[in-house]
Amino acid sequence: MKTLYSFAWWCAYISGALFVQRFIPGVDALAPGFLISLQEENRRQCFWLFILFTLIQEGTGSLLFGAAALWYGVQMLLFRIGSVIFVKDNIIFIALYSGCLGVYHFLLTWLMCAVQGVHMNFETLLGESVIQTLIIPLIWAVAHIVKPGNAAGGAQ
């Protein structure tokens, strides 16, 4: 039964994240969910979400294949490095993590556009990166609270 609840929660989260992405272009609303999965330390779940989120982002983006795999791969690396230094669900860690991802979003998008010859407006890219930085803690907090099994207030 726990697996069914988890599956239903992830389906609802992904639907909500894609709804957010539809109205805020250039922002990855799936990233906070991936962070939650990393915090749960369920390798099988992380693997399948990595595959699913990568396919979703690659399929909806305008860049060639590879940017989403790099995006989620570095998220795992940053999480592993950060979790050695900070408590995994501490707000300071989440803020630093999202700040690093905002900078990385800018650098990765700029690099992928340059390599693929796609014109990118730096002001637009900077705005997307700032919004990415701000939206990660917001979505993470809401999802963390409502996710079943979390001590922060989710149903047990």
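Check the entry above for the structure.
Note that this is a predicted model, so its numbers are computed, not measured.

A word on unusual backbone geometry
Negative phi characterises most residues that are not glycine, and trans characterises most peptide bonds.
Then, in step 1: Phi is positive for Glu 41, which is not a glycine, with a value near 55°.
Then, in step 2: Checked against the element boundaries, Glu 41 lands in the loop between α2 (31–40) and α3 (43–60).

Here's the deal with the environment of Ile 139
Then, in step 1: Tracing the chain through its elements places Ile 139 in helix α6 (residues 122–146).
Then, in step 2: When the C-alpha positions of Ile 139 and Ser 37 are compared, they lie 14 Å apart, and in sequence the two are 102 residues distant.
Then, in step 3: Those residues within four positions of Ile 139 in sequence are excluded, and the remaining contacts are Tyr 13, Val 20, Ala 29 and Pro 32.

Focus: the nonpolar core
Then, in step 1: Counting 34 residues, the largest nonpolar core has Tyr 13, Leu 30 and Phe 53 as the members making the most contacts within it.
Then, in step 2: In terms of residues, this core owes the most to one element, helix α5 (residues 91–116), which gives seven residues.
Then, in step 3: Filtering out sequence-adjacent residues up to four positions away, Phe 53 remains in contact with Trp 10, Ile 14, Leu 30, Gly 33, Phe 34 and Tyr 72.

Cut-off values and rules
Residues numbered from 1 in each chain as written. Predicted model: local features only at pLDDT ≥ 70, side-chain atom pairs only at ≥ 80, totals over all residues. Heavy atoms only, no water. Helix = DSSP H or I, 4+ residues; strand = E, 2+ residues; numbered from the N terminus. Contact = heavy atoms within 4.5 Å. Core = buried A, V, L, I, M, F, W, Y, C linked by side-chain atoms within 4.5 Å. Buried < 20%, exposed > 50% of the residue type's maximum accessible area, 1.4 Å probe, protein only.

So, to be careful, I would describe these as geometric facts and stop short of saying anything about function.
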